[in-house]
Amino acid sequence: MTEMELPWEGGCRCGRVRLKISAKPLLTMACHCTGCQKMSSSAYSLSAAIPAEGFAITEGEPVIGGLHGPEAHHYFCGDCMTWMFTRSEGMDWFVNLRPTMLDDPRWFKPFIETWTREKLPFAETGAVRSYEALPEMDAYEGLVKEYMACS
C-alpha cells in the first residue's frame, strides 16, 4: 500500500467542516450492509479506523445524522450533509473515517469487507478478508496486526 506522509487533512464536500489525521489507520474496511448502501448512496461504504488521539476536527462543527441510536453516531456536515465519520458507543479508542473525506485518498484500499451476504451482485472491493457479517470481536486484534504488517 502506498501511503502519504502524515498528517493528512480533509473535509466535507462544501469545505465547511475540516479534519486532520495524525495517526495511521488501525484497519481499513468496506461495508456492504444495506444500511451503509442507503447512507452512502452506493454499493458499500468505506472506512478507515483511525485511533481517536490521531483524529481532530479543525474547522466547523459536524452534526449527528443517519441513525440516531445508542450504538453508533454518524457525523455529517450540517450544510452539505456529507457523511464524514462514525463513532461507536463503548469504542472510544477509534473513529471510523470515510476515507474519501481526505484531500488525497488515493492510498486507500479496504483490507476487510463486511456484510457480504447483503452485497450487491456486481460490487467488488479487492479486500484481503471477507465476512458474511462482522468478524467476531476476538478476531479484530489479529486483523489489525495483519493489516499493520502489510501497510
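About the thresholds
Residues numbered from 1 in each chain as written. Predicted model: local features only at pLDDT ≥ 70, side-chain atom pairs only at ≥ 80, totals over all residues. Heavy atoms only, no water. Salt bridge = Lys/Arg side-chain N within 4 Å of Asp/Glu carboxyl O. Helix = DSSP H or I, 4+ residues; strand = E, 2+ residues; numbered from the N terminus. Buried < 20%, exposed > 50% of the residue type's maximum accessible area, 1.4 Å probe, protein only. Pairing = 2+ DSSP bridges. Contact = heavy atoms within 4.5 Å. Axes fitted to C-alpha atoms, helices over the stretch in contact; angles between N-to-C directions. Polar contact = N/O pair within 3.5 Å; in protein donor to acceptor, adjacent residues only side chain to side chain.

Caption draft 1: Quick peek at the pattern of salt bridges. Going through the model one piece at a time under the given rule, you end up with six salt bridges. Residues Arg 18 and Asp 103 are paired through a salt bridge, measuring 2.9 Å at the closest nitrogen-oxygen approach. Within this pair, whereas Arg 18 is found in strand β2 (residues 18-21), its partner Asp 103 is found in the loop between β9 (94-97) and β10 (112-114), the two being separated by 85 residues in sequence. The partner of Glu 124 in a salt bridge is Lys 119, and the shortest N-O contact between them spans 3.7 Å. For Lys 119, a relative accessible area of 24% corresponds to the partly exposed category.

Caption draft 2: The arrangement of the sheet that holds strand β7 (residues 72-76) in detail. Overall, mixed pairing links the eight strands, which are arranged β6-β7-β8-β9-β4-β3-β10-β11 in an open sheet. Strands at the two margins of the open sheet, each flanked by one partner only, are β6 (63-65) and β11 (129-130). Across two bridges, the pairing between β10 and β11 is parallel. Directly across from Ile 112, in β11, lies its bridge partner Arg 129. Strands β3 (27-31), β10 and β11 of the sheet are contacted by helix α2 (residues 140-150), whose axis makes an angle of about 115° with β3.

Caption draft 3: Looking closely at the sheet that holds strand β1 (residues 8-11). Pairing is antiparallel in the open sheet, where three strands are placed in the order β1-β2-β5. Only two strands of the sheet have a single partner each, and these edge strands are β1 and β5 (55-59). For this sheet, the mean inter-axis angle between neighbouring strands, taken without regard to orientation, is 30°.

Caption draft 4: Local environment of the environment of Gly 54. Looking at where Gly 54 falls in the secondary structure, it is placed in the loop between β4 (45-51) and β5. For Gly 54, a relative accessible area of 3% puts it in the buried group. Sequence separation between Gly 54 and Val 95 is 41 residues, and the spatial gap between their C-alpha atoms is 9.2 Å. Leave out the neighbours within four places in its chain, and Gly 54 touches Lys 20, Ile 21, Ser 22 and Ala 23.

Caption draft 5: Quick look at the side chain of Thr 28. Mapped onto the elements, Thr 28 comes out in strand β3. One polar contact links the side chain of Thr 28 to the main-chain carbonyl oxygen of Lys 109, over a distance of 2.7 Å. Of the polar contacts made by the side chain of Thr 28, one reaches the backbone nitrogen of Phe 111; its length is 3.0 Å.

Caption draft 6: Representation of the side chain of Arg 18. Within the local environment of Arg 18, its side chain forms a polar contact with the side chain of Asp 103, the two groups lying 2.9 Å apart. Excluding anything up to four places from it in sequence, Arg 18 contacts Glu 9, Gly 10, Gly 11, Ala 56, Ile 57, Thr 58, Glu 59 and Asp 103.

Caption draft 7: Representation of unusual backbone geometry in the model. The omega angle of the peptide bond from Leu 6 to Pro 7 is 0°, so this bond is cis rather than trans. Position of Pro 7 relative to the elements: it lies in the segment before β1. A positive phi angle, near 65°, is found at Met 81, a position not held by glycine. Relative to the assigned elements, Met 81 resides in the loop between β7 and β8 (83-88). One non-glycine residue with positive phi stands out, namely Trp 115, at about 55°. By the secondary structure assignment, Trp 115 is in the loop between β10 and β11.

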